[in-house]
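Remarks on the overall topology
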Amino acid sequence: MSSALTDLFPHPIVQAPMAGGVSVPRLAAAVSEAGGLGFLAAGYKTADGMYQEIKQIRGLTNRPFGVNLFMPQPDNADPGAVEIYTHQLAGEAAWYETELGDPDSGRDDAYDSKLAVLLDNPVPVVSFHFGIPSRDVLDSLRRAGTFTVVTVTTAEEALAVERAGADAVIAQGVEAGGHQGTHRDIPENDGSGIGVLSLVAQVRETVTLPILAAGGIMRGGQIAAVLAAGASAAQLGTAFLATAESGANAVHKQALTNPLFVRTELTRAFSGRPARGLVNRFMREHGPYAPAAYPQVHHLTSPLRKAAAKAGDAQGMALWAGQGHRMARELPAGQLVEVLAAELDGAKTALSGKGGFR
Ligand SMILES: Cc1cc2nc3c(=O)[nH]c(=O)nc-3n(C[C@H](O)[C@H](O)[C@H](O)COP(=O)(O)O)c2cc1C
């Protein structure tokens, strides 16, 4: 724990922002209260929806917390491919008795208005997914007293983040649940993701910025491993998705440890960008031909996912989860932070040789 950013929270444990109603204020507040860093996810929300959550968390804790934004996406999706996918999903719409969404419902996720709110009402930390903000944006946030963090999936992306002037990177390994934060979605690179330990080591040798390591981390021993590889803290999503305070749908939570779901895979089926989830019927049927078209496909499938969730149908929902999902523990979030911190201490003792290796 060496940087000013990680000095904000005593345990090197960050609760990943999880859009879609998972990382609600009570979850983020519980993590921050326990000495980790809790995160709100502004993705898919309106600027006002984000602001309301910031007000709520401020009512729950005085500890530092973060807010995560999605970067606006380029207009490079092939409309023909989206059209074909729309036809391919017609049977799903009929099955769930709903319409498909409008793929052209916006590509910027209200980025500018969210930034305006965050500059008027500064928060301790802001992280960015799917690309790098401009130097101006990073400078304005710094002047407002906010630490800035950007997700990377390669050492090259980390170098670009350092050059842009952010305060830290999240090194997101291919094991990670949810969307890969790759800066440019290049379909030819599908399947070439880097594991978190290898990525942290590569990023460590490329930039001097503090690293938060993410992907498949479920136990304190794994946190010790990424710290030893050069990270300053670990960012955990799936582990916190299972906690009592998480806003995840109960079907999603239960699926993490349900033996019916044995594998995760990266898929474009739900959103048009690679994201890791439990393999279910929807992924098996539509993943093989889903186009590279984010967020058009996200908008298109939104009513299907909602209808599946309403029906309690795990086979039609986006069950985002990292590779460690079977190790999820259904604890209160603050307790999970404490357990992870104790496991980390135990692992550090073992690594230093005092406790011997198991
Ligand atoms: C349900 C879910 C939603 C996610 N949503 C976001 C998000 O809104 N913003 C973001 O930066 N990362 C998001 N992620 C990715 C996490 O930041 C992190 O990289 C990932 O959870 C780490 O892997 P793990 O789930 O194996 O711990 C999400 C992950 C999950 C599981």
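For the structure given in this document, a descriptive report is provided here. Just so we're clear, the structure is a prediction, and the values are computed from it rather than from any experiment.

**Structural notes on the packing of helix α3 (residues 79-88) against helix α13 (residues 296-310)**
Where α3 meets α13, the closest approach of the two axes is 11 Å, and the angle between their N-to-C directions is 15 degrees. In terms of orientation, α3 lies roughly parallel with respect to α13. Judged by the twist between their axes, the crossing of α3 over α13 is right-handed. Together, V82, Y85 and T86 of α3 and Q296, V297 and L300 of α13 make up the contact between the two elements. Residue classes in the contact of α3 with α13 are distributed as 4 nonpolar, 2 polar and no charged.

**Considerations on the side chain of Q15**
Here Q15 lies in strand β1 (residues 13-15). For Q15, the side chain forms a polar contact with the main-chain oxygen of F39, separated by 3.0 Å. Excluding residues that lie within four positions of it along the chain, Q15 makes contacts with S23, L27, A28, V31, L37, G38, F39, L236 and F240.

**Remarks on the nonpolar core**
With 101 residues, the main nonpolar core has V67, L69, L118, F128, V203 and F240 as its most contacted residues. The leading source of residues in this core is helix α14 (residues 333-351), at 7 residues. When residues of this core are assigned to domains, at least three map to each of domain 1 (6-73 + 109-256 + 329-353) and domain 2 (78-107 + 262-318). Setting aside chain neighbours within four positions, we find V203 in contact with V152, T154, A155, A158, V169, A171 and I211.

**Side note on the sheet that holds strand β10 (residues 264-267)**
Pairing is antiparallel in the open sheet, where 3 strands are placed in the order β7-β11-β10. Since the sheet does not close on itself, it has two edges, and those belong to β7 (178-179) and β10, each with one partner. For β10 and strand β11 (residues 275-278), the ladder comprises 4 bridges, and the chain directions are antiparallel. When the bridges of β11 are listed, E265 appears paired with G277.

**A look at the pattern of salt bridges**
One pass over the full model with this rule turns up 10 salt bridges. Between R263 and E265 there is a salt bridge, with its nearest N and O atoms 3.0 Å apart. Judged by its relative accessible area of 43%, R263 is partly exposed. Among the charged side chains, a network of salt bridges with common partners joins E92, R281 and E285.

**Overview of the packing of helix α9 (residues 220-228) against α14**
Between α9 and α14, the least distance of the axes is 7 Å, while the angle of their chain directions is 55 degrees. By the angle between their directions, the pair α9 and α14 is classed as oblique. Note on packing geometry: the crossing formed by α9 with α14 is right-handed. Residues G220, G221, I223, A224 and L227 of α9 lie in contact with α14, whose contacting residues are L340, E343, L344, A347, K348 and L351. A per-class count over the contact of α9 with α14 returns 7 nonpolar, 2 polar and 2 charged.

**Examining the site of the ligand**
By nearness alone, 22 residues border the ligand, and N68, Q172, G216, G237 and T238 come closest of all. In the model, a nitrogen atom of the ligand is placed 3.4 Å from a nitrogen or oxygen of the P17 main chain. A distance of 3.1 Å is found between an oxygen atom of the ligand and a backbone nitrogen or oxygen belonging to A19. Here the ligand has 590 Å² of accessible area as a free molecule, and 97% of this is covered by the chains.

**Describing the sheet that holds strand β3 (residues 65-70)**
Judged by pairing direction, the sheet is parallel, and its 8 strands sit side by side in the order β1-β9-β8-β6-β5-β4-β3-β2 without closing on themselves. A strand with exactly one partner marks an edge of an open sheet, and here the two such strands are β1 and β2 (38-41). Here the strands of the sheet are splayed against their neighbours by 25 degrees on average, with no regard to which way each runs. As paired strands, strand β4 (residues 125-129) and strand β5 (residues 147-152) are joined by 4 bridges and run parallel to one another. Bridge pairing links F128 to V150 in β5. On top of the sheet, helix α2 (residues 47-60) reaches β2 and β3; it is set at about 170 degrees to β3, its chief contact.

**Examining the packing of aromatic side chains**
Under the counting rule described, the total for this entry stands at 7 aromatic pairs. Ring plane angle 70 degrees and centroid distance 6.0 Å describe the contact between Y85 and Y289, whose orientation is recorded as edge-to-face. With Y85 in helix α3 and Y289 in the loop between α12 (281-286) and α13, this pair connects stretches of sequence that are 204 residues apart. When the ring of Y111 is compared with that of F128, the centres are 6.5 Å apart and the planes differ by 65 degrees; the resulting orientation is edge-to-face.

**A look at α13**
With 15 residues, α13 extends 22 Å between its outermost C-alpha atoms, agreeing within 8% with the 21 Å of an ideal straight helix rising 1.5 Å per residue. Along α13, the sharpest kink reaches roughly 40 degrees, centred on S302 and followed within four residues by the proline P303. Of all 15 residues making up α13, 11 are buried, and the element is well covered by its neighbours. Of all the positions in α13, only Q296, V297, H298, H299, L300, T301, S302, L304, R305, A307 and A308 are classed as buried. The inward-facing, buried residues of α13 abut α3, α4 (90-95) and α12.

The rules behind the values
Residues numbered from 1 in each chain as written. Predicted model: local features only at pLDDT ≥ 70, side-chain atom pairs only at ≥ 80, totals over all residues. Heavy atoms only, no water. Axes fitted to C-alpha atoms, helices over the stretch in contact; angles between N-to-C directions. Helix = DSSP H or I, 4+ residues; strand = E, 2+ residues; numbered from the N terminus. Parallel < 35°, antiparallel > 145°, perpendicular 65-115°, else oblique. Left-handed = near helix turned anticlockwise from the far one by under 90°. Contact = heavy atoms within 4.5 Å. Nonpolar A, V, L, I, M, F, W, Y, C, P; charged D, E, K, R; others polar. Polar contact = N/O pair within 3.5 Å; in protein donor to acceptor, adjacent residues only side chain to side chain. Core = buried A, V, L, I, M, F, W, Y, C linked by side-chain atoms within 4.5 Å. Buried < 20%, exposed > 50% of the residue type's maximum accessible area, 1.4 Å probe, protein only. Domains from an automatic or database assignment. Pairing = 2+ DSSP bridges. Salt bridge = Lys/Arg side-chain N within 4 Å of Asp/Glu carboxyl O. Near = heavy atom within 4 Å. Areas by Shrake-Rupley, 256 points an atom, 1.4 Å probe, with all protein chains shown as cover. Phe/Tyr/Trp six-rings, centres within 6.5 Å; stacked < 30°, edge-to-face > 60°. Expected span 1.5 Å × (residues − 1). Bend = angle between axes of the 7 residues up to and from the residue.

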